[in-house]
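# Structural characterization, general
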Protein chains: 2
Amino acid sequence: MDLFNLNCRIMNFIHCLKERCKVDPQDRVDLMGRSGELMHLTEREQSAEPACTLLRERQTYIPLLVYGTSEGNEGEKYVPLLADLPNSHPELTEEDFKAKQEIDQVMSGGQFESLEKTLSTYIPEAELSEVCRVLYGKELVRVDLPRQALEAASARDFELQGYVFEAEPEQLRPARLVRVGLVQNKIVLPTDAPVLDQIKALHKRVGEMVEVAAMCGVNIICFQEAWTMPFAFCTREREPWTEFAESAEEGYTTRFCQELAKKYNMVVVSPILERDEIHGETLWNTAVVVSNSGKVLGKTRKNHIPRVGDFNESTYYMEGNTGHRVFQTQFGRIAVNICYGRHHPLNWFLYGLNGAEIIFNPSATVGALSEPMWSIEARNAAIANHCFTCAINRVGTEYFKNEFTSGDGKKAHHDFGHFYGSSYVAAPDGSRTPGLSRTRDGLLVTELDLNLNRQIADKWNFKMTGRYDMYAEELSKAVQHEFQPNIIRE
Amino acid sequence: MDLFNLNCRIMNFIHCLKERCKVDPQDRVDLMGRSGELMHLTEREQSAEPACTLLRERQTYIPLLVYGTSEGNEGEKYVPLLADLPNSHPELTEEDFKAKQEIDQVMSGGQFESLEKTLSTYIPEAELSEVCRVLYGKELVRVDLPRQALEAASARDFELQGYVFEAEPEQLRPARLVRVGLVQNKIVLPTDAPVLDQIKALHKRVGEMVEVAAMCGVNIICFQEAWTMPFAFCTREREPWTEFAESAEEGYTTRFCQELAKKYNMVVVSPILERDEIHGETLWNTAVVVSNSGKVLGKTRKNHIPRVGDFNESTYYMEGNTGHRVFQTQFGRIAVNICYGRHHPLNWFLYGLNGAEIIFNPSATVGALSEPMWSIEARNAAIANHCFTCAINRVGTEYFKNEFTSGDGKKAHHDFGHFYGSSYVAAPDGSRTPGLSRTRDGLLVTELDLNLNRQIADKWNFKMTGRYDMYAEELSKAVQHEFQPNIIRE
């Protein structure tokens, strides 16, 4: 690996540092490697980008920014930043670990870890309960997670949270309990590592999270959008990103998920970049649903494709052609509304009409673009459609070797911002779990009683008061070319 | 007025007090009138309801709970609780005023005044800005409100807030600025005062708020749902509530709004209980839109009618038959999605398809039922439909003479909970204003640049990526009797 990728990441680190420490941007900072040598960047590298201007904070070096020299992961020539290593990395000393935590803080742009953490830190208990009631609905019981799982999550450096959505007991139906797991994670290797290495590293990382989910009794697990790859669509480059595409039915990743499904008796929802070999070798943004039997139950494609800023995804794939199918699993009927589909209430609605009891929304979205909408859309869908929704977003910042522009008048750059995680589950009664961290890998385990859906439907009656006949008629008229809006004028 | 209504209100006060002060429910409390005499309740009155058990707090009387004896408002025989008087009432002494504030606190069930107030009280500034970004989107500029308006609002005892939603300048379109006013208020007189007196008192109260809105340059104002009356539909009694119904075109209230509209050059959206005399004298839940010229521009009816708990409104009126019409005013195209319609994304959607730039959502809803949903639904609609939405909810607790049950297994009671106000405006970019108070009357003035709608639409493209053809087809199939959901089975 050349120094360029490393340089980009260091530039970003310095950029964050500059913001956070309010250091004079004209100052120079030198970066000391783990073995004590200075990292010297060539003139070309330093001038590649304005943020490149190096900073020096009060005449001292910032130690331990860079881990190792040219040694890497599994014998490869990667030079990962210390910040990129998992906390459980066997070569991390205690000193490394502390430095890493400081670096993590800086690398997350000094962002607060989560809304919920800030609220509970500062607001007195009596008022906090009211704040949480208004913001999150009824207070949820926590899942009593096994110690083994908590320890494993800690050792593997990811957050583990668990909550229960209860329903009223009924006379004729037993409780219909299902535990869902939501996985959010950073990519593991640099984006210019060989494709198969990147996929394997993600399989390994997510595999160890699924193992913990199994300890927690999870029945259905869902990964983030395009989970086997960096979210590289912002680059608009064909290579190597299209090489991450796999067959939904027989690909390497699907086979991996089938093994997980059988091993843990777990339904696995695996959102990937799909290569459909028998239909013109086309690309799709697809979720593969693997039954707990290990069989591929089917696939469902992203219905709405964004052309927003860096998310010009139609460069790679077009609107899905699998409609609004719902999958009957042993644990309940599920659907998958991929990413940008969450902005379209009709998309959620049609999954609901087809009987979905849980709708997963695997996503990849960044703070500057969408964060204030994040807590609104999936939750509104749970309320409006009397079902559970599960919103999943990746975390971290991903750096690309070649710079790209974003159509926003700004300079070319190498990343498109911080994926803010904050995955959560919303219930039909308007309540929701807290979000996972904005900066860390995490697994959210949630126990749902699916009886709640019908109980809330019987209370609020949205499906009976919905006047769908009227809307079918009005919408059919509205899509005609000669449609004239119903506007009253004076 | 007999003592019964007064009794109900005292009972509620005592109930709140008991909760708040954690007084032994077996204790007895006597209530001292303003002139010093004890309020003696008859045995029948005391036993009318379990909450009737009177409390005594540490052997002392609670002074000044009841204002006056049998003197009343404008010569009538009302005996208003001190808590019900406006702060600006000419007969209030300073001592009264202090006592009233304490009582107000108790009467609101010890509820915190607003989410935003709690957040800004406790969270340090640096983190508060991040919290607000995540919860409310971009930071809004405050409207520079005239001193005269602020003073009038204070004297008339209502909250006044003002915010601006800005848009980018364009080369070919000037900014399209419009100021909207949202009014939330308690009822003024007891619910068993004569009907016309209640209407007049509300006209007076809301009229003085509109006057302040005019000082603030408001162009379009919207009142809360059924603003001329208590929200009495929970009682399921015909009399006297149906007497509050008026002609949308020529009723007393519409004429009042026409005067306001002409006087202040303001569009007035007036949601009332409508009596349609030429169509079988039927009742409707209707919003009348009065142009700033003073002409009735038209009316639009509530499309979705709840049957939720106490809100069995189909006892009184049925689903509206005016479709999704939009009103072209001098200041922009507006629509009115009344109350329960906010739970139906298709309802917002069709107003949007007909070209609405601002959708008002006049409501009446209580905390235990809907509060966690309140900040979600109107805001989701603004995002999904590239328009502004204005959510308005009344405040206070309304007491009814005859007890009623709520189909929830609980005892009969005389009110159906606290209307939590919290009115707000949401923008297409996901940002929103803070909410008005949860407990006080209020006027929210918001300046919108309607150019923002198209700017955000051009950025996010929901209308172009919405695949409405597909949904028209799928929905048309789904409403057929023989519809079979698209479910994939193993």
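A quick note: this is a predicted structure, and the numbers were derived from the prediction, not measured.

Parameters and conventions
- Residues numbered from 1 in each chain as written.
- Chains lettered and ligands numbered in written order.
- Predicted model: local features only at pLDDT ≥ 70, side-chain atom pairs only at ≥ 80, totals over all residues.
- Heavy atoms only, no water.
- 1 Å grid on protein atoms, 1.4 Å probe; cavity = no way out; pocket = protein on both sides within 12 Å on 5 of 7 lines; lining within 4 Å.
- Points joined across faces, edges and corners; volume = space filled by probe spheres on them.
- Helix = DSSP H or I, 4+ residues; strand = E, 2+ residues; numbered from the N terminus.
- UniProt positions renumbered as here; feature names shortened; annotations may be inferred.
- Pairing = 2+ DSSP bridges.
- Contact = heavy atoms within 4.5 Å.
- Buried area = accessible area lost by both parts, 1.4 Å probe.
- Polar contact = N/O pair within 3.5 Å; in protein donor to acceptor, adjacent residues only side chain to side chain.
- Nonpolar A, V, L, I, M, F, W, Y, C, P; charged D, E, K, R; others polar.
- Least-squares fit on C-alpha atoms with pLDDT ≥ 70 in both.
- Axes fitted to C-alpha atoms, helices over the stretch in contact; angles between N-to-C directions.
- Parallel < 35°, antiparallel > 145°, perpendicular 65-115°, else oblique.
- Left-handed = near helix turned anticlockwise from the far one by under 90°.
- Core = buried A, V, L, I, M, F, W, Y, C linked by side-chain atoms within 4.5 Å.
- Buried < 20%, exposed > 50% of the residue type's maximum accessible area, 1.4 Å probe, protein only.
- Salt bridge = Lys/Arg side-chain N within 4 Å of Asp/Glu carboxyl O.
- pLDDT = per-residue confidence, 0-100.

Let's shift gears to empty space enclosed by the protein. All chains considered together, the criterion is met by ten cavities of 30 Å³ or more. Roughly 460 Å³ of internal volume is contained in the largest cavity. Together, 34 residues line the largest cavity, and Leu 135 and Ser 375 of chain A together with Leu 135, Ser 375 and Arg 379 of chain B are the ones closest to its centre. Put simply, the parts of the chain that give the lining of the largest cavity at least two residues each are helix H4 (115-122), helix H5 (125-136) and helix H10 (367-384) of chain A together with helix H4 (115-122), helix H5 (125-136) and helix H10 (367-385) of chain B.

Mapped onto this numbering, the UniProt entry gives "domain: CN hydrolase" (unreviewed entry) at residues 178-450 of chain A. Each end of residues 178-450 of chain A is marked by a C-alpha atom, and these two atoms are 7 Å apart; helix forms 22% of the span and strand 28%.

Turning next to the sheet that holds strand S16 (residues 388-393) of chain A. Spatial ordering of the open sheet is given by S19(A)-S16(A)-S15(A)-S14(A)-S13(A)-S21(B), a layout of six strands whose pairing is mixed. The open sheet has two edge strands with one neighbour each: strand S19 (424-426) of chain A together with strand S21 (487-488) of chain B. Both S16 of chain A and S19 of chain A contribute to a ladder of three bridges, which runs antiparallel. Counted as the bridge partner of Thr 389 of chain A is Ala 426 of chain A from S19 of chain A.

One frequently used descriptor of interface size is the decrease in accessible area upon assembly of the parts. At the interface, 84 residues of chain A touch 84 residues of chain B. Of the roughly 7,900 Å² buried at the junction of chain A and chain B (both faces included), carbon and sulfur atoms supply 65%. Applying the counting rule to chain A against chain B returns 43 residue pairs in polar contact (both at pLDDT 80 or more). At 13 residues, H10 of chain A tops the list of elements feeding residues into the side of chain A that touches chain B. Here the side of chain A that touches chain B is built from residues that sort into 40 nonpolar, 25 polar and 19 charged. By the bridge criterion, two bridges tie strand S13 (residues 326-329) of chain A to S21 of chain B in an arrangement that is parallel. Counterpart to Phe 327 of chain A in the pairing with S21 of chain B is Ile 488 of chain B.

Comparison of the two chain copies shows a relationship of rotation about an axis with a shift along it. When chain A is fitted to chain B, the best match, at an RMSD of 0.0 Å, comes from turning it 180 degrees and sliding it 0.0 Å along the axis. Within this description, the copies of the chain are treated as partners about a two-fold rotation axis. Looking at chain A, 100% of its interface residues are interface residues in chain B too, so the copies touch through the same face.

The subject of this paragraph is the sheet that holds strand S15 (residues 358-363) of chain B. As summarised here, the arrangement of the six strands in space is S21(A)-S13(B)-S14(B)-S15(B)-S16(B)-S19(B), forming an open sheet in which the pairing is mixed. Two strands lie at the open edges of the sheet, namely strand S21 (487-488) of chain A together with strand S19 (424-426) of chain B, each paired on one side alone. Across three bridges, strand S13 (residues 326-329) of chain B lies against strand S14 (residues 332-336) of chain B in antiparallel orientation. Bridge pairing in S14 of chain B links Thr 329 of chain B to Gly 332 of chain B.

Glancing now at the packing of H4 of chain B against H5 of chain B. Residue and element names in this part refer to chain B. Relative to each other, H4 and H5 sit at 155 degrees, their axes nearing to 10 Å. Relative to H5, H4 is oriented roughly antiparallel. H5 is crossed by H4, and the crossing has right-handed handedness. Here Leu 115, Glu 116, Leu 119 and Ser 120 of H4 lie close against H5, whose contacting residues are Leu 128, Val 131, Leu 135 and Tyr 136. A breakdown of the residues in the contact of H4 with H5 according to their chemical character gives six nonpolar, one polar and one charged.

Quick look at the nonpolar core now. Judged by nonpolar contacts, the single largest core of 128 residues is most densely connected at Ile 220, Ile 358 and Phe 360 of chain A together with Ile 220, Ile 358 and Phe 360 of chain B. In this structure, Phe 360 of chain A is in contact with Val 180, Leu 182, Ile 220, Cys 222, Val 269, Ile 334, Ala 335, Val 336, Asn 337 and Cys 390 of chain A, ignoring residues within four places of it in sequence. Core analysis: the second largest hydrophobic core is formed by 34 residues, Ala 153, Val 164, Ala 213 and Phe 256 of chain A among them.

Attention now moves to the pairing of strand S10 (residues 296-301) of chain B. Residue and element names in this part refer to chain B. With five of six residues buried, S10 is to be regarded as a mostly interior element. Bridge count for strand S9 (residues 282-290) against S10 is five bridges, and the pairing is antiparallel. Within S10, the residue paired with Thr 286 across the bridge is Arg 301. Connecting S9 to the next strand, S10, in antiparallel fashion are five residues, including Gly 294 with a positive phi near 100 degrees.

Right, let's talk about the pattern of salt bridges for a bit. Charged atoms that come close allow side chains of opposite charge to pair. All told, the structure shown has 52 salt bridges over all chains when counted by the stated rule. As a salt-bridge pair, Glu 371 of chain B and Arg 133 of chain A come within 3.0 Å of each other at their nearest N and O atoms. One end of the pair, Glu 371 of chain B, is in helix H10; the other, Arg 133 of chain A, is in helix H5, on a second chain. By relative accessible area, Arg 133 of chain A is classed as partly exposed at 22%. For the salt bridge of Asp 157 of chain B with Arg 440 of chain B, the shortest nitrogen-to-oxygen distance reads 3.3 Å. Separated by 283 residues along the polypeptide, Asp 157 of chain B in the loop between helix H6 (147-155) and strand S5 (159-165) and Arg 440 of chain B in the loop between S19 and strand S20 (442-449) bring together distant segments of the chain. Asp 157 of chain B sits in the buried class, given a relative accessible area of 14%.

All names here are of chain B. Relative to the elements of secondary structure, Ser 422 occurs in the loop between strand S18 (418-420) and S19. Since its relative accessible area comes to 11%, Ser 422 is described here as buried. Beyond its immediate chain neighbours, meaning those up to four positions away, Ser 422 contacts Gln 184, Glu 371, Trp 374, Gly 435, Leu 436, Ser 437 and Arg 438.

Residue and element names in this part refer to chain B. Looking at the element boundaries, Gln 258 is found in helix H8 (residues 252-264). On the basis of relative accessible area, Gln 258 is assigned to the buried category, the value being 19%. A polar side-chain atom of Gln 258 sits 2.9 Å from the main-chain carbonyl oxygen of Gly 294. Excluding anything up to four places from it in sequence, Gln 258 contacts Val 290, Gly 294, Lys 295 and Val 296.

Glancing now at the confidence of the model for chain A. Residues and elements named next belong to chain A. With 77% of its residues at a pLDDT of 70 or more, chain A has an overall mean of 84. Of the regions scoring below 50 in pLDDT, residues 1-7 engages in 25 contacts with residues more than four places distant in sequence or in other chains. The ipTM value of the predicted complex is 0.84, and its pTM value is 0.85.

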